[in-house]
Amino acid sequence: MLDVCLLGTAGMMPLPHRHLTALMTRYNGSNLLIDCGEGTQVAIKEKGWSVHSIDTICFTHYHADHISGLPGLLLSMGNADRTEPLLMIGPKGLKRVVDALRVIAPELPFHIEYHELSEDVETVRSKGYKITAFKVKHNVICYGYTLEIERAGKFSVDNANKHEIPKMCWNRLQKGETVELDGKVYTPEMVMGPPRRGIKVTYCTDSRPVDIIAEQAKDADLFICEGMYAEKEKLAKARQYKHMTFYEAARLADKAQPGEMWLTHFSPSLVRADSYMDEVRSIYAHSYLGKDGKSVELEFIEEE
């Protein structure tokens, strides 16, 4: 099971009812954060979750509304006696940007590991997550992220017996290990079926609509996409500042066919957002407004 919470949905500046951009997921005792706008740790506490178990932080880009909450978050993590390493993933310049922010949080009881992205599409594995970063189209270098929890195939007792594999090897083979015993080599392929459907979440903010977004969100359980503007007359502004409208996001979702699409990263000027959703759903029926604290528990789907 993967817990997903949209901590903040505001773009540019926080509002009384909208924290700045952040997404948090929980899986198997490990927490992952995408972006860390001002107020992120407050949003985490309001949700009732903990900053202590955050093992990975991914940054889409380095505009202040996506990273300005980091120093305070790091201090809170340090004050919670965290000692395990923290992995940070982001575009080139990540260490330089974080070091500058850490002028006000210089001493931490844990090590920070940096992975600076350089390719258009890049995959990193961390704590059970397969994290795919993909470059999108903003006015600075910016990435979206696909998070996947992969799932191995089923163990076949019949195959294990057919290959005369001792039972003492079964557990290790099921975990993906190759086992050598009494001069014989046993591999997981001998006993494991094809991989089963896992869990997939794609997250994108601050971009014009580009094909890679729909490609990454293809058949995702959840696609979270920026919808900076809802008013039709603001399309020119979206193009100028490299953002998206509700309807452009919905067209991407229609191509990708995710289980659900949540809109996020709203302009401070956006009011009565619900009033635009009928037209959005006419483009992609499973479209919903994101709200601060909106969350879902995603389960593995058993296929026939």
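Structural data are supplied above this passage.
The rules we used
Residues numbered from 1 in each chain as written. Predicted model: local features only at pLDDT ≥ 70, side-chain atom pairs only at ≥ 80, totals over all residues. Heavy atoms only, no water. Helix = DSSP H or I, 4+ residues; strand = E, 2+ residues; numbered from the N terminus. Rg over C-alpha atoms; globule rule 2.2 N^0.38 Å. Contact = heavy atoms within 4.5 Å. Areas by Shrake-Rupley, 256 points an atom, 1.4 Å probe, with all protein chains shown as cover. Lys, Arg positive; Asp, Glu negative; His and termini not counted. Charge placed at Lys NZ, Arg CZ, Asp CG, Glu CD. Pairing = 2+ DSSP bridges. Axes fitted to C-alpha atoms, helices over the stretch in contact; angles between N-to-C directions. Buried < 20%, exposed > 50% of the residue type's maximum accessible area, 1.4 Å probe, protein only. Phe/Tyr/Trp six-rings, centres within 6.5 Å; stacked < 30°, edge-to-face > 60°. Core = buried A, V, L, I, M, F, W, Y, C linked by side-chain atoms within 4.5 Å. Disulfide = S-S within 2.5 Å. Salt bridge = Lys/Arg side-chain N within 4 Å of Asp/Glu carboxyl O.

**Student:** Which residues make up the overall build of the protein chain, and what are the values?
**Tutor:** Along its length, the protein chain carries 10 helices and 16 strands. The C-alpha radius of gyration of the protein chain comes to 21 Å, within 12% of the 19 Å expected for a compact globule of 304 residues. Residue pairs at least 24 apart in sequence account for 64% of intrachain contacts in the protein chain once pairs closer than 6 positions are excluded. With an accessible surface of roughly 14,200 Å², the protein chain has 49% of that area assigned to carbon and sulfur atoms. Between the centroid of the 37 positive side chains of the protein chain and the centroid of its 43 negative side chains there is a distance of 3 Å.

**Student:** Describe the sheet that holds strand E13 (residues 222-226), and please don't skip the residues or the numbers.
**Tutor:** The seven strands lie next to each other as E7-E8-E9-E12-E13-E14-E15, forming an open sheet whose pairing is mixed. Only two strands of the sheet have a single neighbouring strand rather than two, namely strand E7 (121-126) and strand E15 (287-289). Neighbour to neighbour, the strand axes of the sheet diverge by 20 degrees on average, direction disregarded. The sheet contact formed by strand E8 (residues 129-135) and strand E9 (residues 143-151) spans six bridges and is antiparallel.

**Student:** Just give me the short version of the pairing of strand E3 (residues 30-34), but keep the residues and values in it.
**Tutor:** When a strand is regular, its side chains alternate between the sheet's two faces. Burial analysis of E3 places five of its five residues in the buried class, the great majority of the element. Burial along E3 is two-sided: Ser30, Leu32 and Ile34 facing one way and Asn31 and Leu33 facing the other are all buried. Relative to E3, strand E2 (residues 22-27) runs antiparallel, the two being bridged by five bridges. Looking at E3, one finds that methionine 24 is bridged to leucine 33. What sits between the antiparallel neighbours E2 and E3 is a turn of two residues, in which asparagine 28 has the positive phi angle 55 degrees. Relative to strand E4 (residues 54-58), E3 is paired through four bridges, and the arrangement is parallel. Looking at the pairing, isoleucine 34 lines up with cysteine 58 of E4.

**Student:** So what's going on with the packing of aromatic side chains? Residues and values would help.
**Tutor:** For the coordinates displayed, the defined rule picks out four aromatic pairs. Plain terms: the ring middles of tyrosine 27 and tyrosine 129 are 6.1 Å apart, the flat faces sit at 70 degrees to each other, and that makes the pair edge-to-face. A residue pair is termed long-range when its members are at least 10 positions apart, and tyrosine 27 in strand E2 and tyrosine 129 in strand E8 qualify at 102 residues. A relative accessible area of 16% places tyrosine 27 in the buried class. Assessed through its relative accessible area of 2%, tyrosine 129 is described here as buried. A centroid spacing of 5.3 Å and a plane angle of 45 degrees characterise the contact between phenylalanine 155 and tryptophan 170, whose relative ring orientation is tilted. One end of the pair, phenylalanine 155, is in the loop between E9 and helix H5 (157-162); the other, tryptophan 170, is in helix H6 (residues 170-174), and 15 residues separate them in sequence. In this structure an aromatic cluster arises from ring pairing among Phe246, Phe266 and Tyr276.

**Student:** Hey, could you go over the sheet that holds strand E5 (residues 86-91) for me, with residue numbers and the actual values?
**Tutor:** Strand order in the open sheet made by the seven strands is E6-E5-E4-E3-E2-E1-E16, with mixed pairing throughout. Here the strands that pair on one side only, and so sit at the sheet edges, are strand E6 (112-117) and strand E16 (294-298). Averaged over all pairs of adjacent strands, the angle between strand axes in this sheet comes to 15 degrees, irrespective of strand direction. The pairing of E5 with E6 spans six bridges and is classified as parallel. Bridging across to E6, methionine 88 finds its partner in tyrosine 114. Set on the sheet, helix H1 (residues 40-47) makes contact with strand E1 (2-8), E2, E3, E4 and E16; between it and E1 the angle comes to about 130 degrees. Together, E5 and E6 form the strand contacts of helix H4 (residues 94-101), whose direction differs from that of E6 by roughly 135 degrees.

**Student:** Let's hear about the nonpolar core: which residues, and what values?
**Tutor:** In summary, soluble globular proteins display a tendency toward joint burial of nonpolar side chains. Core analysis: the largest hydrophobic core is formed by 28 residues, its most contacted members being Ile213, Phe223, Phe246, Met261 and Leu263. At the level of elements, helix H7 (211-217), E13, helix H9 (246-256), strand E14 (260-264) and helix H10 (277-283) are the ones that each hand at least two residues to this core. At seven residues, H9 tops the list of elements feeding residues into this core. Not counting the four nearest positions on each side in its chain, isoleucine 213 is found in contact with Phe134, Val136, Cys204, Ser207, Arg208, Phe223, Met244 and Leu252.

**Student:** How would you summarise the state of the cysteines if you had to cite specific residues and measurements?
**Tutor:** All told, the structure shown has zero disulfides when counted by the stated rule. Cysteine 5 forms no disulfide, and the closest cysteine sulfur to it belongs to cysteine 36, at a distance of 14 Å. With no disulfide of its own, cysteine 204 has cysteine 225 as its nearest cysteine by sulfur position, at a separation of 5.1 Å.

**Student:** Give me the lowdown on the pattern of salt bridges, citing residues and values where you can.
**Tutor:** In a structure, side chains of opposite charge can pair up when their charged atoms sit close to one another. On inspection of all chains with the given rule, the structure shows 11 salt bridges. A salt bridge links arginine 172 to glutamate 177; the shortest N-O distance between them is 2.9 Å. Residue arginine 172 is classed as partly exposed on the basis of its relative accessible area of 39%. For glutamate 177, a relative accessible area of 33% translates into the label partly exposed. In this structure, the salt-bridge partner of glutamate 248 is arginine 208, at a minimum N-O distance of 2.7 Å. Of the two residues, glutamate 248 is situated in helix H9 and arginine 208 in the loop between strand E12 (196-204) and H7; the sequence distance between them amounts to 40 residues.

These values are about where atoms sit, not about what they do.
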